[in-house]
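Letter by letter, the chains look like this.
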Amino acid sequence: MKAFRRFNVRVPLPSRLTDLAVLANNLRWVWHVPTQELFAAIDPERWASTGDPLRVLADVDQDRMDALAADEEFVTRVRDLAAELKDYLAAPQWFGRYAESTETVAPQGIAYFSMEFGITEVLPIYSGGLGILAGDHLKAASDLGLPLIGVGLFYRSGYFRQSLSHDGWQIERYPVNDPGALPLTLLTDDSGPVIIGIAMPGDRTLHAQVWVASVGRIPLLLLDSDIALNDEELRAVTDRLYGGDQDHRIKQEILLGIGGVRALRDYVRITGRAEPSVFHMNEGHAGFLGVERIRELVDGPAALDFDTAEAVVRASNVFTTHTPVPAGIDRFPTDLVRYYLDAGPDGSSRLLPGLHAGTVLELGDEADPGVFNMAHMGFRLGQRSNGVSRLHGEVSRQMFADLWPGFDADEVPIGSITNGVHGFTWVARPWRDLVGEDEDSAPAHYAELPDGELWRTRQTLRAGLVDEVRRRAHASGRDRGFIDAELGWTAEIFDPEALTIGFARRAATYKRLTLMLRDPDRLRRILTDAERPVQLVIAGKAHPADDGGKALIQQVVRFTDDPELRHKIVFLPDYDISMARHIYAGCDVWLNNPVRPMEACGTSGMKSALNGGLNLSILDGWWDEMADGENGWAIPSAEGVVDEHRRDDLEAEALYSLLEESVIPLFYTRTPDGVPQRWVQMVRHTLSRLGPKVLASRMVRDYTVELYCPAAAAFDAICADDYAQAGDLASYRALIAAAWSSVMIAGVEDEKADDGLLVTAHVALGDLDPDAVKVEVILGRVTDDGDIIDPVSARMAPADGTDASGRTVYAATIGPRSSGLLGYTVRVLPNHPALSDDAELGLVRYPEV
Ligand SMILES: *Cc1c(COP(=O)(O)O)cnc(C)c1O
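Just so it is clear, the structure is predicted and the values come from calculations on it, not from any experiment.

Definitions and cut-offs
Residues numbered from 1 in each chain as written. Predicted model: local features only at pLDDT ≥ 70, side-chain atom pairs only at ≥ 80, totals over all residues. Heavy atoms only, no water. Helix = DSSP H or I, 4+ residues; strand = E, 2+ residues; numbered from the N terminus. Areas by Shrake-Rupley, 256 points an atom, 1.4 Å probe, with all protein chains shown as cover. Lys, Arg positive; Asp, Glu negative; His and termini not counted. Charge placed at Lys NZ, Arg CZ, Asp CG, Glu CD. Domains from an automatic or database assignment. UniProt positions renumbered as here; feature names shortened; annotations may be inferred. Near = heavy atom within 4 Å. Polar contact = N/O pair within 3.5 Å; in protein donor to acceptor, adjacent residues only side chain to side chain. Pairing = 2+ DSSP bridges. Axes fitted to C-alpha atoms, helices over the stretch in contact; angles between N-to-C directions. Contact = heavy atoms within 4.5 Å. Buried < 20%, exposed > 50% of the residue type's maximum accessible area, 1.4 Å probe, protein only.

Novice: Before we move on, can you summarise the overall build of the protein chain with the specific residues and values?
Specialist: Along the backbone of the protein chain there are 28 helices and 28 strands. By its C-alpha atoms, the protein chain is 95 × 70 × 50 Å across when sized along the principal axes. On the protein chain, roughly 34300 Å² of surface is accessible, and the fraction owed to carbon and sulfur atoms is 50%. Taken together, the 82 basic and 127 acidic charged side chains of the protein chain have centroids lying 5 Å from each other.

Put into structure tokens, the structure is as follows:
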């Protein structure tokens, strides 16, 4: 029979142990080993099966609790750890020092919006890379002391749990999250729980309550629509992550963006924290936060006009794009967005009072007139934006170049900050025992560890993975309907001494889960080599609606079911943080073979590297900039080959060859005492040289220095004196938009000067003042196609008065930096102190040719 209703009975904590609740409710324990050990000590079995402090506390019985309360040593341990946590939460950190030392303005507060957050398997509100990156961002922000607040959604069922059918087809389950059993507290004020309201078409309101999770120092606000105030349809808005149709999805994004800002304002009001001056949109999903911020300024006490409000919001919004895969860009039918904007007869939106629906719709314009593009809105409402690796920055500048017409792709104002991963979450225990908990000194320690020690640690980690593989393979077999008697073999699969390769990632087409099966016989030979055995762990989920992805998984599972191979290759279902930890730590080689350049960054290989795994990867995402020949292997990519089958053949061939000729021989070339010396050298190099570059602390510092502080400075400047600069910028934009069609470079002359070339340009300016634009000469080498490369530029100064035709004459001398065939051009750009980049307004005028 099924339970009609569930409820928890908890043993109350004895007064001497009340700090246990404090320790369990702050997610700092996720990356604090001594706190984990404390909960493990309460009930080792429960800890091993759940990894969840609150579950351990919920299940402990009265006798055990009494015994612990009487155990002086345990009580002291609890007190000490609680004191340590208190210190951690209050101690001055990097951000405070940076904010004091720097010339620039540091933000008082930063809001970070994301559709998913992967902090721990205990709080399953993430699906994969994007969410785990957001979780790592919060953790590193906590360690570094940033005044950051996270904003997301609380999903009743999170993402699905994966198992396999008997014949290897993916099965999805959706366990229900009970917020009462999770480390969450409801946001309340004097009048009770805070309820956010958002106008929905048909005079309805979408309500949400707000859960707060504490991620170290960082509060994470999670909106939850599953409350009695909502009808069934609206209750279901936060039922699942990435689960529904477009209509479901847009409601989630409206709740995240618009509801998220409203929740944030309430949180700040209740806690007395500083109002954030910087808003970070982690991917386009969060884009509606920009229009809600504009609404606040238009509809609230500031009573700004739309353009002025937009200038304020743009100055302080940061937008991060995460994928170059067109299908990964969030796009909605324009009619659907229009429906939710819910315009009255005068065009004003009921969703965003004070804003005109048509104006909001323009923010999502793209080439396809029927489509509203969330990434485009993100770029339009974020003065600062970035891709997530150097290569992805480059690809994004090309991909979104249409938003800045007239500029070369390399001038498009999208930068890049390469992702990183949170070391204290992902570095396995044995390494920390060896090098300690200080990220700054770890590289030097790794450099000095004896070869034997390094190798022993790798062996220990691999052996741990082998145990995990056996356990999970057995459980998976049971799920697939095999009985124990048929599963005896799972107890002996994998060899703790054999070269172990890992491949775990979403079954998205571009990631090519089955590339390794391109030549099944060759893979079979590699795996079954008696002298130099290789074993392969594979994991990954397909999106529930992606039957193609599920078919790929099935193809892999069928291959692994072969009795001759099943000891060497395994597919483990339900890839999540808890599994990931083991495979990143235990694999010798981390394999990644995406279709370049579709992998924006990729982070799993970074987590492997932090544990001494060597990457074997296509030069895509982060690996493109960090592979140095000593930290792994680059699989040559056949990027120019248009026929994708041929390309797969070529790249699979390259992968097999690298394995056979480089990876495997290196692993099995041993000194007399059994250490693979060259291999260990590469491991050491990876840990000491690559390790520091892939850390989330490096990433969050980069965001702070390159984006958050400049955005905070821009925000302060644009808000000062009652938004004077914002008003000025808005008028300037209107002026230049009206005048731009009359701006023209009518004549250009040059003559040799002592120190280079004196270039003069006659520019028609329409109604603009000479200082309203910036005129520059650009000089460089010229390609056969006439393109200028490696340019240098010089700002041209206007002469007083005009020429006979009423044009302003600008001039500058520019000196060539190189020899060879050179060329120059002249261009006119907008000029205003509140613009952060020449290309920002997408306006440029060149001479007619
Ligand atoms: C790190 C991680 C990912 C993302 O890895 P990619 O290399 O970006 O594919 C996905 N899932 C889990 C569980 C992870 O830990």
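Having seen the structure, we can now continue with the description.
Novice: Can you break down the domain arrangement of the protein chain residue by residue, with the values?
Specialist: By the assigned domains, the protein chain splits into domain 1 (18-90), domain 2 (106-420 + 704-718), domain 3 (440-692) and domain 4 (743-830). Taking the mean C-alpha position of each, domain 2 and domain 4 sit 43 Å from one another.

Novice: Tell me about the UniProt feature "domain: DUF3417" (unreviewed entry) in the protein chain, residues and numbers included.
Specialist: Per the UniProt record, "domain: DUF3417" (unreviewed entry) is found at residues 13-123. A distance of 23 Å separates the end C-alpha atoms of residues 13-123, which is 60% helix and 4% strand.

Novice: Outline the site of the ligand, listing residues and values.
Specialist: Close to the ligand lie 15 residues; Lys511, Tyr584, Thr603, Ser604 and Lys607 are nearest. Threonine 603 is positioned with one of its backbone polar atoms (N or O) 3.1 Å from an oxygen atom of the ligand. For the ligand, the protein covers 93% of the area, taking 390 Å² as the surface of the free molecule. Per-element tally for the shell around the ligand: the top contributor is helix α23 (residues 577-586), with 3 residues.

Novice: If you had to explain the sheet that holds strand β17 (residues 499-504) to someone new, which residues and values would you point to?
Specialist: Strands pair in a sheet through their backbones, by hydrogen bonds, and they do so in one of two ways: parallel or antiparallel. Read across the sheet, 6 strands follow the order β19-β18-β17-β20-β21-β22 without closing on themselves; strand pairing throughout is parallel. Of all strands in the sheet, those with a lone pairing partner are β19 (569-572) and β22 (632-635), marking the two edges. Between one strand axis and the next, the sheet turns through 20 degrees on average, direction left out of account. Against the sheet, helix α21 (residues 520-528) makes contact with β18 (534-539) and β19, and its axis sits at roughly 120 degrees relative to β18, the strand it touches most. Where helix α22 (residues 547-561) meets the sheet, it contacts β18 and β19, and its direction lies at approximately 140 degrees from that of β19.

Novice: Describe the environment of isoleucine 195, listing the residues and the values that go with them.
Specialist: Locating isoleucine 195 in the fold gives a position in strand β8 (residues 195-200). The partly exposed category is assigned to isoleucine 195, whose relative accessible area is 36%. For the pair formed by isoleucine 195 and lysine 774, sequence separation is 579 residues and the distance between their alpha carbons is 50 Å. Setting aside its immediate chain neighbours within four residues, isoleucine 195 contacts His207, Ala208, Gln209, Ile227 and Leu229.

Novice: Break down the pairing of strand β23 (residues 744-753) for me, citing the residues and quoting the values.
Specialist: Pairing geometry for β23 and strand β24 (residues 756-764), over 9 bridges, is antiparallel. Each residue of the ladder has a partner; that of alanine 753, found in β24, is glycine 756.

Novice: Got a sec to walk through unusual backbone geometry? Specific residues and values, please.
Specialist: Here the amide bond leading from arginine 596 into proline 597 is cis, since omega sits at 0 degrees, within 30 degrees of zero. By secondary structure assignment, the location of proline 597 is in the loop between β20 (589-592) and α24 (604-609). One non-glycine residue, phenylalanine 494, lies in the positive phi region at around 65 degrees. Structurally, the position occupied by phenylalanine 494 is in the loop between α20 (451-479) and β17.

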